[in-house]
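Results of the structural survey
The primary structure of each chain is shown beneath.
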Amino acid sequence: MEPSESPIPQDFPEPVPSEAYIIPTLGLQQGTFVFSYLSIFLSYITPYDLPVVYCILELLRDAFHTRVSFLELIMEALKVESGYICVIAIFFLISLIPLCYTIAWGCSKREDDDINAGPTVDAIIQAEELSLEESLKCRRSFLSLSLQIIILLLIASIIAMFVTNEQIASSIDETPSVLRSSLADVETFLRDTEQQISFVILEGLKTTVDRIKSDLEGIDKLLGEPVQNHLSLFTGIEIIFESIMDISTSSNNLSRRISLLQETLARAAKISYEAEYRLDELQIQLSVLQRQCSYRDRPLCDTLKIKNFEESGLIEKIRKLQNDPVLSKLMTMGEAGKNSTMKILTQELTVARAIFRNYRTELKNATLVSREHISNHLEDFTNATFSSTTVLSATVNNLVGEVSKIGNFSDSLFDYYRDIGEVLWLTGLSATICTLLVTLILLGALSCGCCHADNKAGITLIIGAVIICIASIALSGFAMVEMLLGAHGHVFICNPLYDAPNYTILGKLIDKPGLIYPVEPPNGIIDKIVEVADPNRTFSINVSLANVINECERNKGSFSTFQLEGLINVSSIMNYRSYPHLESSIQAIAASEAPFIKFTAPIQTILEDMLTDSDVNLTAFRMDLTQLSPDKDVMTFIDQLQRVSAQIQDVATSSRMATLGSRAKRLQASLLQPLEHLRGDIVYHLTALELQLSPWAAQLNKSLNHLRGAQAYLDLESAAVCHNKSELFRNHLKGHFEAYRNHSNVILSDKCASCRPLFDIFDAMRVLFCHHIMDPMNGLWFSSFLCLFLWAIATTVSLLMSSTYRRLEVLSGKLQQTTSNFYGTTGSLRSDARGILHLQHQQQQYPESSSHWSTTQRFVSVHFAEVMESRTDDEIIYDDVDVYRDDEVDVDYIELTPKNDDDDDDPTKFQECLI
């Protein structure tokens, strides 16, 4: 297959990325981050406009380089953080609400004027006090329910505080492990990147070199065979050789035919010689017979005449045909003799076919030196490429060493970091426990109320309110500190880390202008890191941090992302033109046209001689032999002799004629008849030879013309064909370098050594800090704020409940003193009974207002039962309430009637009437 037709292999071995990364197995992305929504709130209260943030970053740089004091940093930061200050003020004011309300409640506390401690005689006043007690109990129930809800919310907030505090502590404990895993993954990434890039360059080059060597080893098929096929296609030289071989076969058949002709001619000549002799004897006998004829029969005898072979010319024609030189040459063409034409033609044809068919083998032998030179230069090319990759290996090793130093330095800070984490955890736990204790106090007061220990409940609520006043201030301070850490950590660290795709603040901070550096780096932090790893480098990497993060997130290759072209010049390494000796050796590979020039000239000479020798006129010989027939002449003589013999009167003469006729017949039967058959055979062979010779000569002439045309094409075009095919082969060899370079560029710029692990590390660290630490911290201060807010409400509810318990206690004591007085007259008892019965009558009259009267009836019924228990048996009033004793006094009672007929369904719109 020609190089132009055989595609250059585009498949190369691809590197296998490492799977030994730890960060993806940690599952930092998993979980539900409940308090992430607080970032929306924080974005409103904290500054994130670029000028403001840039101003703060300037302050941070000055503080980082100790150009300003910590106090000055705080004062300057307060100027631009008005939103945060407002929230802090709100926290502080909310924390003061319990204290202020408690003071106000304590200052406004006085004796209730509407409750008289003395006994009540008037039933109207007694009913109002009973209604007040019911109202206070209703208020107590409402406040108790409110306090229960507040306590439930407080418990939920406390649980949130506990959970978020534990999440913060757990994340801080995991931070060293995650950081070590990140550094280990960075080392793995660096080594894997170096391995993959080196694999692409070196293994790709090795594959290319092996393919080139394989093509050089198969130059006979890739170059020699295409030349052969092209020349064979356009000249048909192989077909011509086959046709010439067919001519050789035809020549053998022709030679055999001529041999048969010569054999027949030889037999015919032998018979003709004897027949001529016998005819001469017969001619002598005829002459004697004519002389012996009588005078009278002499005219008849003189009419007898016989032709001899000299007169017919048969022997001369047979001899001429037998000795014809053209037939002799034609006969020798097909002979297998050592110096025969066909033998020489076959030898020359074999040599020519060998030259043409063995051209690719000769080409392989002729290009041996050039191929060895190419192999040697390929080895030099491979060694130079390997030397170039050592720069990458050295730089990667230096970077790995710097990562190890960072790991060692981080290990020294982990104890201090854990101490800070423990302080934060203990502080959060203390705040949570304090909040829980305050909540338990409120819960205890609520429990006392449920057990009807109103006095203890009131005192406990007051104590709880006082503790809340103190705890609110402490909890507000804790919430402020947590918000200071969480809000600023989220705004100034998390927001820049999630500011995709520009990462403006992150770039301003550590890339360009690089506020953490005393002097701004000229090309960014990436170049700064490489400079630290390789101070003697001769290249620079001008790539922004934002671009690196975005490219790594899209799973791009490290080579193009970090612009490592300056570190390892792949374009120069993969360009074979950079090695002139290699290119010149490839250009020396060429196919020669010399074997095809005039290599069929001997064959053409032989064919031309054969064509010349085939110019013989066999038709004349055939026509002459066709006209001659000695047998017919003798048969005519015998017939004439019989007729004359019948007319001869002389018996002796007639007898001699009969004898002569018998001899003529014997001559005709023994010699002339076979000679006639041989003459027919000779004519047949001449006809067959003529039929074979004409196509053979035409085929010979055609093959000769084709061979001349093919040789002319070879002489004129073989050089161009060899040059073109050689150029195709050289381009095929160079195409391997191009395929290697294209494949390497594609792999290095897209697939090879993906920097996605770096983004995974970056994402894991920001998830750990922002979602696992900052979000719970924001949740902690938010839960603390909810506790402050609920405490402010709980203080009000607690003090109100305390007042309610106190009033219920006073009212309950008064009612107990009133009901314990003894009624002196039975009229009073009967009056109470009549009043109760009248109220029952009213309830039956107005059943729709039964719920309104049920309470009053219950209290009066209780009072009546107590009076009944204090009377003697003879004072008890039975069912007949209309029978009175003479010394009893009748008492007036109040009847409640609707003001209007339309108000029957409204139990609150009634008027009082005396009964």
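Cut-offs applied
- Residues numbered from 1 in each chain as written.
- Predicted model: local features only at pLDDT ≥ 70, side-chain atom pairs only at ≥ 80, totals over all residues.
- Heavy atoms only, no water.
- Helix = DSSP H or I, 4+ residues; strand = E, 2+ residues; numbered from the N terminus.
- Buried < 20%, exposed > 50% of the residue type's maximum accessible area, 1.4 Å probe, protein only.
- Contact = heavy atoms within 4.5 Å.
- Areas by Shrake-Rupley, 256 points an atom, 1.4 Å probe, with all protein chains shown as cover.
- Disulfide = S-S within 2.5 Å.
- Patch = residues over 30% accessible without salt bridge, like charges linked within 9 Å, V, L, I, M, F, W, Y side chains within 5 Å.
- Salt bridge = Lys/Arg side-chain N within 4 Å of Asp/Glu carboxyl O.
- Lys, Arg positive; Asp, Glu negative; His and termini not counted.
- Charge placed at Lys NZ, Arg CZ, Asp CG, Glu CD.
- Phe/Tyr/Trp six-rings, centres within 6.5 Å; stacked < 30°, edge-to-face > 60°.
- Lys NZ or Arg CZ within 6 Å of the ring centre and 35° of its normal.
- Core = buried A, V, L, I, M, F, W, Y, C linked by side-chain atoms within 4.5 Å.
- Axes fitted to C-alpha atoms, helices over the stretch in contact; angles between N-to-C directions.
- Parallel < 35°, antiparallel > 145°, perpendicular 65-115°, else oblique.
- Left-handed = near helix turned anticlockwise from the far one by under 90°.
- Nonpolar A, V, L, I, M, F, W, Y, C, P; charged D, E, K, R; others polar.
- Expected span 1.5 Å × (residues − 1).
- Bend = angle between axes of the 7 residues up to and from the residue.
- pLDDT = per-residue confidence, 0-100.
- Polar contact = N/O pair within 3.5 Å; in protein donor to acceptor, adjacent residues only side chain to side chain.

**Observations regarding the overall build of the protein chain**
Summing up its helical and strand segments, the protein chain has 28 helices and two strands in all. Per-residue burial over the protein chain gives 44% buried out of 915 residues. Considering only contacts in the protein chain between residues 6 or more positions apart, those separated by 24 or more positions represent 86%. By element, 58% of the accessible surface of the protein chain is carried by carbon and sulfur atoms, the whole surface being about 46,000 Å².

**Brief notes about the state of the cysteines**
Taken as a whole and judged by the stated rule, the model has two disulfides. A sulfur-sulfur distance of 2.1 Å marks the disulfide that ties Cys494 to Cys770. Disulfide Cys494-Cys770: torsion about the S-S bond near -115°, hence left-handed. Of this pair, Cys494 sits in helix H15 (residues 454-497) while Cys770 sits in helix H26 (residues 756-819), placing them 276 residues apart in sequence. For Cys552, the disulfide goes to Cys755, at an S-S distance of 2.3 Å. Here the S-S torsion is close to -115°, and the disulfide linking Cys552 with Cys755 is therefore left-handed.

**Looking at the environment of Ala712**
Inspection of the secondary structure assignment puts Ala712 in helix H25 (residues 651-751). Classification of Ala712 as partly exposed rests on a relative accessible area of 35%. The spacing of Ala712 and Lys598 is 114 residues in sequence and 8.6 Å in space, taken between C-alpha atoms.

**Examining a negative patch on the surface**
Where like charges cluster on the molecular surface, the negative patch consists of Asp173, Glu174, Asp419 and Glu422. Mapped by element, the contributors of at least two residues to the negative patch are helix H5 (123-217) and helix H14 (368-450). Position of Asp419 among the secondary structure elements: in helix H14.

**Digging into the packing of aromatic side chains**
Using the criterion set out here, one finds 13 aromatic pairs in the structure. In this structure an aromatic cluster arises from ring pairing among Phe241, Phe356, Tyr359, Phe596 and Phe599. We note Arg211 situated over the ring of Phe12; from NZ or CZ to the ring centre the distance is 4.7 Å. Directly above the aromatic system of Tyr498 lies the positively charged group of Arg766, at a separation of 4.2 Å from the ring centroid.

**Remarks on the nonpolar core**
General note: in soluble globular proteins, nonpolar side chains tend to be found buried as a group. Grouped together as the largest cluster of nonpolar side chains are 188 residues, with contacts concentrated most on Ile197, Met483, Ile603, Leu607, Met610, Phe637 and Met657. It is H25 that contributes the most residues to this core, 29 residues altogether. Not counting residues up to four positions away in its chain, the partners in contact with Phe637 are Leu282, Leu286, Leu304, Lys305, Ile306, Leu660 and Ala664.

**Notes on the packing of helix H22 (residues 601-613) against H25**
With their axes 10 Å apart at the nearest point, H22 and H25 run at an angle of 155° to one another. With respect to each other, H22 and H25 are oriented roughly antiparallel. For the crossing formed where H22 meets H25, the hand is left-handed. Here Ile603, Gln604, Leu607, Glu608, Met610 and Leu611 of H22 lie close against H25, whose contacting residues are Trp696, Ala697, Leu700, Asn701, Leu704, Leu707, Arg708 and Gln711. When grouped by side-chain class, the residues that make up the contact of H22 with H25 number nine nonpolar, three polar and two charged.

**A word on helix H4 (residues 82-107)**
Helix length check: H4, at 26 residues, gives a terminal C-alpha distance of 36 Å against a target of 38 Å (1.5 Å per residue), a fit within 8%. Where H4 bends most, the angle comes to about 30°, and this point is Ile97, followed within four residues by the proline Pro98. Three or more residues of H4 are buried, namely Tyr84, Val87, Ile88, Phe91, Ile94, Ser95, Pro98, Thr102 and Trp105.

**A look at the environment of Leu304**
With respect to the helices and strands, Leu304 occurs in the loop between helix H8 (298-302) and helix H9 (309-312). Residues Leu304 and Ile638, 334 residues apart in the sequence, show an inter-C-alpha distance of 9.5 Å.

**Here we look at the confidence of the model for the protein chain**
Here the protein chain averages 76 in pLDDT, and 76% of its residues register 70 or above. Below pLDDT 50 for its whole length, residues 112-121 participates in 22 contacts with residues either more than four positions away or in separate chains. Residue range residues 821-896 is modelled with pLDDT below 50. Its contacts to residues more than four positions away, or to other chains, number 88 contacts.

**Re the side chain of Glu551**
Here Glu551 lies in helix H18 (residues 545-553). For Glu551, a relative accessible area of 17% puts it in the buried group. Among the polar contacts listed, one links the side chain of Glu551 to the side chain of Arg554, at a separation of 2.5 Å. Beyond its immediate sequence surroundings of up to four residues, Glu551 is in contact with Lys556, Thr561 and Cys755.

**Some thoughts on the pattern of salt bridges**
A complete count under the given rule lists 18 salt bridges for this structure. Between Lys598 and Asp715 there is a salt bridge whose closest N-O contact spans 3.5 Å. Taken together, the positions of Lys598 in the loop between helix H21 (580-587) and H22 and Asp715 in helix H25 put the pair 117 residues apart, joining distant regions of the chain. On the accessibility criterion, Lys598 (55% relative accessible area) is exposed. With its nearest N and O atoms 2.8 Å apart, the salt bridge here joins Arg766 to Asp763. Separated by three residues within a single helix, Arg766 and Asp763 lie in helix H26, roughly one turn from each other. By the burial criterion, Arg766 is buried, and Asp763 matches it. Look at the salt bridges and you will find they share partners, linking Arg577, Glu738 and Arg741 into a network.

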